[in-house]
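Each chain is listed here by its residues.
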Amino acid sequence: KSAGVFNGDYAAVKDKYGDSLIIDREGNVVIENYGLFPISYVGRESEDGIFNIGANVPYDQKYVYIDTEGNEAVNSQNVPVTYYGLYSTTLYYELATPFRNGKAVVMRATNAALKVKDMGYYSEIAYIIDTEGSCVAKLPQGLDADLAGFDENMLIIVTDGEGLYGLADEEGALVIPVEYDSIAHCEGTAYLVEKDGLYGFINRKGETVAECIYEDALPFSEGRAAVYNGDAWGFIDRNGDVVIDFQFDDVASLNISEYGDGTASGAFS
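Residues numbered from 1 in each chain as written. Predicted model: local features only at pLDDT ≥ 70, side-chain atom pairs only at ≥ 80, totals over all residues. Heavy atoms only, no water.

## A few points about the overall build of the protein
Okay, step 1: Tallying secondary structure elements over the protein gives 0 helices and 24 strands in all.
Okay, step 2: Across the 269 residues of the protein, 47% fall into the buried class.
Okay, step 3: For the protein, contacts bridging at least 24 residues in sequence account for 39% of all contacts bridging at least 6.
Okay, step 4: Carbon together with sulfur atoms contributes 46% to the accessible area of the protein, which is approximately 12,900 Å² in total. (Helix = DSSP H or I, 4+ residues; strand = E, 2+ residues; numbered from the N terminus. Buried < 20%, exposed > 50% of the residue type's maximum accessible area, 1.4 Å probe, protein only. Contact = heavy atoms within 4.5 Å. Areas by Shrake-Rupley, 256 points an atom, 1.4 Å probe, with all protein chains shown as cover.)

Quick look at the structure:
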């Protein structure tokens, strides 16, 4: 039904039944289950030969890390117990992003009752781990992370769970405040952001590339971003200057990310 890009020697696909599988470059299915559990999600292969996958364990989808043989690759029990310590399992994660430069973000699998604000904070914490599963940093209390993981700038999209987004670095520090309605990594250091229903662009330091004044926009690709001024589409450059006049009725997104890491697609390819 669908197929992801190859990252290394493997790619994720969905068969005609909608089940997730991992194939090699010869088209052979190399992994189709995690133990007794069917695989429901396959992330991209990390540079360490590790996949983050979702498996349909009883009652819910949970996440684990496996190697190219289908075996558990990261010890999920190394993540500290946070508030209350009432956990349904230590065998799986509630969240597990792909590794990049040896780091990923995880959250423990908790009882559903704990996934609410209680006494002014969330009861679970997102931790940054190494490939041994050991915690090297953590995100600020109450923030969740995007499943796509760290981008090429080693930044990750985070959310407060109430519809606002920002960016955190590999040390867990916020580099972009959680104040945007949406954020998408483009190419290089550019990010497409939405605020109060209007779109613009910032760089990885949070500096404004183009103010949030456009009614719609596509991410940068090959140094150009399509923007809609309410009447027509045109294109801006990385300085925010209009370089192709507003004249088009529509612009399609054509570029396909070679990383499979959540980098958004732009108009040029």
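## Looking at the environment of Asp 9
Okay, step 1: Mapped onto the elements, Asp 9 comes out in the loop between β1 (2–3) and β2 (10–14).
Okay, step 2: Of the residues examined, Asp 9 reaches a relative accessible area of 47% and is grouped as partly exposed.
Okay, step 3: Taking C-alpha positions, Asp 9 is 9.2 Å from Gly 49, a pair spaced 40 residues apart along the chain.
Okay, step 4: When neighbours within four sequence positions are excluded, Asp 9 is seen to be in contact with Ile 23, Asp 24, Arg 25 and Glu 45.

## Topic: the pattern of salt bridges
Okay, step 1: Evaluated as defined, the whole model comprises 6 salt bridges.
Okay, step 2: A salt bridge links Glu 94 to Lys 62; the nearest nitrogen and oxygen atoms lie 2.9 Å apart. Placement of the pair is Glu 94 in strand β9 (residues 93–96) and Lys 62 in strand β8 (residues 60–66), with a sequence separation of 32 residues. Of the two residues, Glu 94 and Lys 62, both sit in the buried class.
Okay, step 3: Members of the salt-bridge network, linked through shared partners, are Lys 103, Glu 170 and Glu 171. (Salt bridge = Lys/Arg side-chain N within 4 Å of Asp/Glu carboxyl O.)

## Notes on the confidence of the model for the protein
Okay, step 1: Per-residue pLDDT for the protein averages 84, and the proportion of residues at 70 or more is 87%.
Okay, step 2: Low pLDDT (under 50) marks residues 112–116, which in the prediction has 10 contacts with non-local residues, meaning those over four places away or in another chain.
Okay, step 3: Counted against residues more than four places away or in other chains, residues 118–122, with its pLDDT under 50, gives 13 contacts. (pLDDT = per-residue confidence, 0-100.)

## Things to note about the pairing of strand β19 (residues 198–203)
Okay, step 1: Counting buried positions along β19 yields 5 of 6 residues, so the element is predominantly enclosed.
Okay, step 2: Both strand β18 (residues 190–195) and β19 contribute to a ladder of 6 bridges, which runs antiparallel. Across the sheet, residue Glu 194 finds its bridge partner in β19, namely Tyr 199.
Okay, step 3: The pairing of β19 with strand β20 (residues 208–214) spans 3 bridges and is antiparallel. Residue Ile 202 lies in a different strand from β20, and its bridge partner there is Thr 208. (Pairing = 2+ DSSP bridges.)

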